[in-house]
Amino acid sequence: MAGADDAVPITELLDERRHLLDVAYWMLGSGREAEGVVDATYRRWFELPEAERARITAPRSWLAKVAGGISLSRLALPGRARARAAQAGTGGAVRQGMPAEEISAVLLDALVSLYPAERAAFVLNDVFGMSPNAIAGIVSRTEPQCVEPADRARRSLRARRARPTPTERHDEVARAVRRACVSEDEALLASLLAADATAFFDGGGKVRTPVRPVHGNSQVARSLLTLLARHPRTTLYTHPVNGRTGLVVRYGSQVAAVISLDVAGPHVVQVWVTLNPDKLGTWNRPGTAQP
């Protein structure tokens, strides 16, 4: 189980990724290949057994060594092979055979408020009756990784049906969470979270985030405040996220994280933190997500 100690400040996450990109770029001379190297580096990090990962006392150094090794191995490849390797490193997982239009309709009609990872697992399993093993083949995840999001989706939907939260109350809670984060008031933030609150961090394997959900209001509060550690260039403000008021974290001119909140009654029951650079691309278009 992950804890607050696994969280890393956004400033450190961004600097770390930028450093790895610099290492790979200067070795390979290609921005696209550098992105592929960094993606492969983070994949190796997340593929490590949890105990082995915990023994690494300087993650940034470890990642830099791996990135350098991958870059060196790619330098030894012929030109065409290197291009194919870079493309494989940066390409998304696209699978054929699923009725995309039908899935989209289901999501829009019934699951618009769910986090994207939940939507896919829930729809494919509950609506289309596909087995977790089959879903794993489609979305390029392991079977346990597909089961957990579907279970979370069911719990989230049940919570919303059991304790619907008016928009005004949701907005009020979201603004209170922002104030607690900005003032770095851990006790206040914890009081705004349900005792069994859970936080999910989506780094997409491209930034170093807690691998597993963080549970408990105190742990969640601590992990959020660690992530949002005060820095002159870091700002936090409310903004619509998935149709409800959420939080957007900006580091300088760049949107570094998007946080959506599931609110039930007066408390936040689930926190979804998106740090995956690929998923933040639309947020970083000119004129988007401005304070």
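Everything numeric in this text was worked out from a predicted model, so none of it was measured.

Of regular secondary structure, the protein chain possesses 12 helices and 6 strands. Across the 291 residues in the protein chain, those meeting the buried criterion constitute 46%. Intrachain contacts of the protein chain at a sequence separation of at least 6 include 64% that bridge at least 24 residues. Accessible surface computed for the protein chain: about 14,600 Å², of which carbon and sulfur atoms make up 53%.

We now examine the nonpolar core. Grouped burial of nonpolar side chains is what soluble globular proteins tend to show. Judged by nonpolar contacts, the single largest core of 38 residues is most densely connected at Ile10, Val177, Val271, Val273 and Leu275. Of all the elements in the fold, those that place two or more residues in this core are helix H1 (10-28), helix H10 (167-182), helix H11 (186-191), strand E1 (193-202), helix H12 (217-227), strand E4 (244-251), strand E5 (254-264) and strand E6 (267-274). Looking at this core element by element, the count peaks at 6 residues for H10. Among the nonpolar cores identified, the runner-up in size contains 16 residues, and Ala34, Val37, Tyr42 and Ala67 belong to it.

Time to look at the packing of aromatic side chains. Each aromatic ring pair is described using two quantities: the centre-to-centre distance and the angle formed by the ring planes. Summed over all chains, the structure comprises 2 aromatic pairs. Seen from their ring centres, Trp45 and Trp62 are 5.7 Å apart, and the 65 degrees between their planes marks the pair as edge-to-face. Of the two residues, Trp45 is situated in helix H2 (residues 31-47) and Trp62 in helix H4 (residues 59-75); the sequence distance between them amounts to 17 residues. Judged by its relative accessible area of 23%, Trp62 is partly exposed. Considering the side-chain rings of Phe200 and Trp272, the 4.2 Å spacing of their centres and the 15 degrees angle between planes classify their relative orientation as stacked. On the criterion of sequence distance, the pair formed by Phe200 in strand E1 and Trp272 in strand E6 is long-range, its members being 72 residues apart. Above the plane of the ring of Trp45 lies Arg208, whose end atom (NZ or CZ) is 6.0 Å from the centre.

The next thing to look at is unusual backbone geometry. Phi angles above zero are rare outside glycine, and Glu184 is one such case at about 55 degrees. For Glu184, the position within the fold is in the loop between H10 and H11. By relative accessible area, which is 38% here, Glu184 ends up partly exposed. The phi torsion at Asn242 lies on the positive side, around 55 degrees, for a residue other than glycine.

Definitions and limits used
- Residues numbered from 1 in each chain as written.
- Predicted model: local features only at pLDDT ≥ 70, side-chain atom pairs only at ≥ 80, totals over all residues.
- Heavy atoms only, no water.
- Helix = DSSP H or I, 4+ residues; strand = E, 2+ residues; numbered from the N terminus.
- Buried < 20%, exposed > 50% of the residue type's maximum accessible area, 1.4 Å probe, protein only.
- Contact = heavy atoms within 4.5 Å.
- Areas by Shrake-Rupley, 256 points an atom, 1.4 Å probe, with all protein chains shown as cover.
- Core = buried A, V, L, I, M, F, W, Y, C linked by side-chain atoms within 4.5 Å.
- Phe/Tyr/Trp six-rings, centres within 6.5 Å; stacked < 30°, edge-to-face > 60°.
- Lys NZ or Arg CZ within 6 Å of the ring centre and 35° of its normal.

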